[in-house]
Amino acid sequence: MNFQTTKKERWGYFLFCLGFPVFNNFVGGYVSLFMTDAGIAAGAAAIILGLAQIWDGINDPVFGTIVDKKPFKSGKFKPWTLIASILMPLLTILLFALPTGLPTGWKIAWAAVFYILFTTAYDTGDVPIFGVIGAMTDDQKERHYLTGRRTLAGVIIIAVVTVAAPALYSSIGWGWTGLLMALLGGALMFPFHRVLVERNEPKADEKMTVRQMVKAIAKNKYLLVFYLAVICCSVTNTVQGVLPYAARYLLGSDSYTTLLYLCVLLPTLIFTLFLSKLTQKIDKFDLLYISVAGTMVTSLISYFVGYSSVTMVLVMMMIRGLFFGPLVILLYVFTVDMIEYGQFKTGERIEGVALAFQTFSSKVASGFTSMFMLGVLAAFHFVEGGEVVQPESAYKGIWMLFTLLPCIGYAISLVLFRFYKLRDKDVQVMIRANAGEITREEAEAQLSRKY
């Protein structure tokens, strides 16, 4: 049976997908610059960001088991959407309200406490935003439609944050900017819990122990190999984190932050609009592989072109965006497929654990990315404090982080992705088998390969 969502649900989900990425894109994109502007040394900021995100990643599987056990009567995901719409704005406001007059040690403590709380609470929205699609409908086409809505919402809000954030923090300061971003995100997220209906509830092991959880993940070979590749791709992918530094210190103005982001966003938006049609003709894995390879090649070319000409930097960023934009989108649209594969192979459906493993992978990678980026800046003698003249070595370090160093992870991930064999047409067959529409024997006969 195919469950159809209502118009209110689709709009509610779209608004939630507009609101939640505000926090990821604003906090995730600018927290390192915020800390160094506040007078926290790059090395200290690296430790704060790295440890907080790695801890959050380690905590993800625990949250996943909580979601799978369905602790609330009102639904598996619905209560968490409400909790997230309250917690995320509150913690964002507190993080960016750091008093500028505090001694350095107290600044470090303030930033560490509220950033750790922020990253720990992030799962309350991150798991539902991906997992709720499976609870809303079991129809693959409708799932792709909702995924497209989520992606489109993400691109739109990235554009809003990209345009607004640099203009705001350079004029009214970080505290007021954090407040405005928090109110925007929370207001967009809040309505979804009122219209969400979880009509598709496949059987899941609600009494899964940690040991069973680990075993279930270990049985899903594609979940493991895919997110190992994602981690490798992401750890050295410092482009987004270092972009505000490149704009300010290499190109000479915070205003270039918006232009650089737009160079990525415009091709990303075009790709998003045609994603549904593209995936009907080309398997989304092939699109992902092309995006990784293209990003690596264009990043290498950008490094050798240099940054002496602002125009050439923007042109090369636009070319890189043709591949980098789709890459950012495609890395996290495969998990639902792997959930279906896991149920088909083992009979166990572990949505919360699989989605938590996704966030675990992305956050551990993000933690190491932050440590790597800020560690390189510290090694190249970057000076904290906002508008200061940097030594020549710092400019070199920023440019390497922006172009050359990300290619290390891209190259490794290209090798690992070759071991991922799951394809869209086979996932549809598995969905039908998991729903009981066809027998396992019939499904095996329809699959393009033996899994």
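As a reminder, the structure under discussion sits directly above these lines.
Thresholds applied
- Residues numbered from 1 in each chain as written.
- Predicted model: local features only at pLDDT ≥ 70, side-chain atom pairs only at ≥ 80, totals over all residues.
- Heavy atoms only, no water.
- Helix = DSSP H or I, 4+ residues; strand = E, 2+ residues; numbered from the N terminus.
- Rg over C-alpha atoms; globule rule 2.2 N^0.38 Å.
- Buried < 20%, exposed > 50% of the residue type's maximum accessible area, 1.4 Å probe, protein only.
- Contact = heavy atoms within 4.5 Å.
- Lys, Arg positive; Asp, Glu negative; His and termini not counted.
- Charge placed at Lys NZ, Arg CZ, Asp CG, Glu CD.
- Polar contact = N/O pair within 3.5 Å; in protein donor to acceptor, adjacent residues only side chain to side chain.
- Axes fitted to C-alpha atoms, helices over the stretch in contact; angles between N-to-C directions.
- Parallel < 35°, antiparallel > 145°, perpendicular 65-115°, else oblique.
- Nonpolar A, V, L, I, M, F, W, Y, C, P; charged D, E, K, R; others polar.
- Left-handed = near helix turned anticlockwise from the far one by under 90°.
- Salt bridge = Lys/Arg side-chain N within 4 Å of Asp/Glu carboxyl O.
- Phe/Tyr/Trp six-rings, centres within 6.5 Å; stacked < 30°, edge-to-face > 60°.
- Lys NZ or Arg CZ within 6 Å of the ring centre and 35° of its normal.
- Patch = residues over 30% accessible without salt bridge, like charges linked within 9 Å, V, L, I, M, F, W, Y side chains within 5 Å.
- Areas by Shrake-Rupley, 256 points an atom, 1.4 Å probe, with all protein chains shown as cover.

(A) Seen up close, the overall build of the protein chain. The helix and strand inventory of the protein chain stands at 21 helices and zero strands. Against the 2.2 N^0.38 benchmark of 22 Å for 451 residues, the protein chain shows a C-alpha radius of gyration of 22 Å, consistent with a compact globule. Once the C-alpha set of the protein chain is aligned to its principal axes, its extents read approximately 70 × 45 × 40 Å. When each of the 451 residues of the protein chain is scored for burial, the buried share is 57%. Contacts in the protein chain between residues far apart in sequence, at least 24 positions, make up 83% of those at least 6 positions apart. One way to put it: in the protein chain the 38 positive side-chain charges average out to a point 3 Å from where the 30 negative ones average out.

(B) View of the side chain of S299. Inspection of the secondary structure assignment puts S299 in helix α14 (residues 284-305). Of the polar contacts made by the side chain of S299, one reaches the backbone oxygen of T295; its length is 2.7 Å. In terms of polar contacts, S299 uses its side chain to reach the side chain of R320, at 3.4 Å. Here S299 is in contact with R320, T403, C407 and Y410, once residues within four sequence places are set aside.

(C) Molecular detail of the packing of helix α3 (residues 78-96) against helix α7 (residues 174-189). At a minimum axis distance of 8 Å, the contact between α3 and α7 shows a crossing angle of 175°. As summarised for this structure, α3 and α7 are arranged roughly antiparallel, according to the angle between their axes. Two secondary-structure elements touch here, α3 through A84, S85, P89, T92, I93 and F96 and α7 through W174, G175, G178, L179, A182, G186 and M189. Classifying every residue of the contact of α3 with α7 gives eight nonpolar, five polar and no charged.

(D) Broad picture of the packing of helix α12 (residues 255-273) against helix α15 (residues 310-330). Where α12 meets α15, the axes come as close as 7 Å, and the angle between the chain directions of the two elements is 45°. Accordingly, the angle class assigned to the pair α12 and α15 is oblique. Where α12 crosses over α15, the two elements pack in a sense that is right-handed. Within the contact between the two elements, α12 uses Y256, L259, L260, C263, V264, L266, P267, T268, F271 and T272 and α15 uses V310, V313, L314, M317, M318, G321, L322, F324, G325, P326, I329 and L330. Among the residues forming the contact of α12 with α15, the class breakdown is 18 nonpolar, four polar and no charged.

(E) Expanded view of the pattern of salt bridges. This structure, assessed with the given rule, holds seven salt bridges. Between R349 and E340 there is a salt bridge; the shortest N-O distance is 3.0 Å. Like E340, R349 is buried. Of the charged contacts, one joins R440 and E444 as a salt bridge, the two residues approaching to 3.4 Å between their closest N and O atoms.

(F) Local environment of the packing of aromatic side chains. One pass over the full model with this rule turns up 35 aromatic pairs. For the pair Y169 and W174, a centre-to-centre distance of 4.2 Å together with 15° between the ring planes defines the contact as stacked. By the burial criterion, Y169 is buried, and W174 matches it. Taking the ring centre of F334 as reference, the NZ or CZ of K284 above it sits at 5.3 Å.

(G) Summary view of the side chain of N25. Mapped onto the fold, N25 is located in helix α1 (residues 7-37). The buried category is assigned to N25, whose relative accessible area is 17%. Reaching out from N25, the side chain makes a polar contact with the backbone oxygen of P21 at a distance of 2.7 Å. Contacts of N25, omitting those with residues within four sequence positions, involve Y30, I157, I158 and V161.

(H) A look at a positive patch on the surface. Side chains of R418, K421, K425 and R449 sit close together on the surface and give a patch of like positive charge. Along the chain, the position of R418 falls in the loop between α19 (406-417) and α20 (424-434). Assessed through its relative accessible area of 48%, R418 is described here as partly exposed.

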